[in-house]
Amino acid sequence: MSDCIFCKIVKKEIPNYTVYEDDHVLAFLDIAPRAKGHTLVIPKVHAEHLLELNDELLGFLLFGVKRAQERIDHILQPDGYNVGWNHGEVGGQVVPHLHIHIFPRWRNDGGGNMHSIIDQSGDKTVEDVGKLFKT
Ligand code: AMP
Ligand code: ZN
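What comes next is a walk through the structure. (Residues numbered from 1 in each chain as written. Chains lettered and ligands numbered in written order. Predicted model: local features only at pLDDT ≥ 70, side-chain atom pairs only at ≥ 80, totals over all residues. Heavy atoms only, no water.)

Some words on the overall build of the protein chain
Item 1. Each helix and strand counted, the protein chain has three helices and five strands in total.
Item 2. N-terminal to C-terminal, the α/β element order of the protein chain is α-β-β-β-α-β-β-α.
Item 3. With respect to the three principal axes, the spread of C-alpha positions in the protein chain is 50 × 40 × 25 Å.
Item 4. Counting over 135 residues, the protein chain shows a buried share of 32%. (Helix = DSSP H or I, 4+ residues; strand = E, 2+ residues; numbered from the N terminus. Buried < 20%, exposed > 50% of the residue type's maximum accessible area, 1.4 Å probe, protein only.)

What about the coordination of the zinc ion (ligand 2)?
Item 1. The zinc ion (ligand 2) binds to the protein through C4 (SG), C7 (SG), H46 (ND1) and H97 (ND1), with metal-donor distances spanning 2.0 to 2.3 Å.
Item 2. Each donor residue of the zinc ion (ligand 2) lies on the same chain, and together they follow the pattern C-x2-C-x38-H-x50-H. With C7 in helix α1 (residues 5–10) and H97 in the loop between β4 (80–84) and β5 (100–105), this pair connects stretches of sequence that are 90 residues apart. When sorted by exposure, C7 lands in the same class as H97, which is buried. (Donors = N, O, S within 2.8 Å, 3.2 Å for Na, K, Ca; no water.)

Some words on the side chain of H101
Item 1. Relative to the elements of secondary structure, H101 occurs in strand β5.
Item 2. For H101, a relative accessible area of 11% translates into the label buried.
Item 3. Within the local environment of H101, its side chain forms a polar contact with the side chain of H38, the two groups lying 2.8 Å apart.
Item 4. With residues up to four places along the chain from it excluded, the contact list for H101 reads D30, H38, T39, L40, N82, V83, G84, W85 and N86. (Polar contact = N/O pair within 3.5 Å; in protein donor to acceptor, adjacent residues only side chain to side chain. Contact = heavy atoms within 4.5 Å.)

Considering the pattern of salt bridges
Pairing between side chains becomes possible if they bear opposite charge and their charged atoms approach one another.
Item 1. Across all of its chains, the model carries five salt bridges by this definition.
Item 2. Between E21 and K44 there is a salt bridge whose closest N-O contact spans 2.8 Å. Pair noted here: E21 is in strand β1 (residues 18–21) and K44 is in the loop between β3 (39–43) and α2 (55–76), with a separation of 23 residues, a long-range link.
Item 3. Given a relative accessible area of 33%, E21 falls into the partly exposed group.
Item 4. Residue class for K44 comes out partly exposed when judged on its relative accessible area of 24%. (Salt bridge = Lys/Arg side-chain N within 4 Å of Asp/Glu carboxyl O.)

Observations concerning the site of ligand 1
Item 1. Around ligand 1 there are 16 residues in total, and D30, V94, V95, H99 and H101 lie nearest to it.
Item 2. In this structure, an oxygen atom belonging to ligand 1 sits 2.9 Å away from a main-chain N or O atom of V95.
Item 3. One of the side-chain N or O atoms of H101 is found 2.8 Å from an oxygen atom in ligand 1.
Item 4. Protein chains bury 81% of the 510 Å² of accessible surface belonging to ligand 1 in isolation.
Item 5. Of all elements in the fold, only α1 and β2 (25–29) reach the threshold of two or more residues within the shell around ligand 1.
Item 6. Ranked by residue count, the leading element in the shell around ligand 1 is α1, at three residues.
Item 7. Partitioned by chemical class, the residues of the shell around ligand 1 number ten nonpolar, five polar and one charged. (Near = heavy atom within 4 Å. Areas by Shrake-Rupley, 256 points an atom, 1.4 Å probe, with all protein chains shown as cover. Nonpolar A, V, L, I, M, F, W, Y, C, P; charged D, E, K, R; others polar.)

Such coordinate-based values are descriptive only and should not be taken to indicate function.
Here it is as structure tokens:
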């Protein structure tokens, strides 16, 4: 998409600090890092979120995440990671081009885990919700 900032990064119209790149995927350092080595992994084709991404590219994207993590592991040697993505405005997504965040983590760095994102399970029990998924 011509006005998409991450498409511009893919086309090298905007510079980036590349962590990993292949034909399908680009991984680069986040410009406003929340951890040392905070990296974004994106598909080279424009897709706003996961549900828009062609199934055939899913494997390539996850492959890119692994390759990027291997590089971060080798260069920065973190003690752990959080890996995930914000989906949609309510999920905190600001840039509308699918990107997977890799947060390298260090012991006693003061950060949380995935569970610290949200703790509002709502007015239904897990059994109630489970019934909705029964076919
Ligand atoms: P999100 O809230 O998941 O949409 O996060 C978007 C991320 O993109 C933020 O962490 C930004 O710091 C990062 N970002 C925005 N512009 C750039 C850029 N030109 N290069 C690298 N990272 C960027
Ligand atoms: Zn894009």
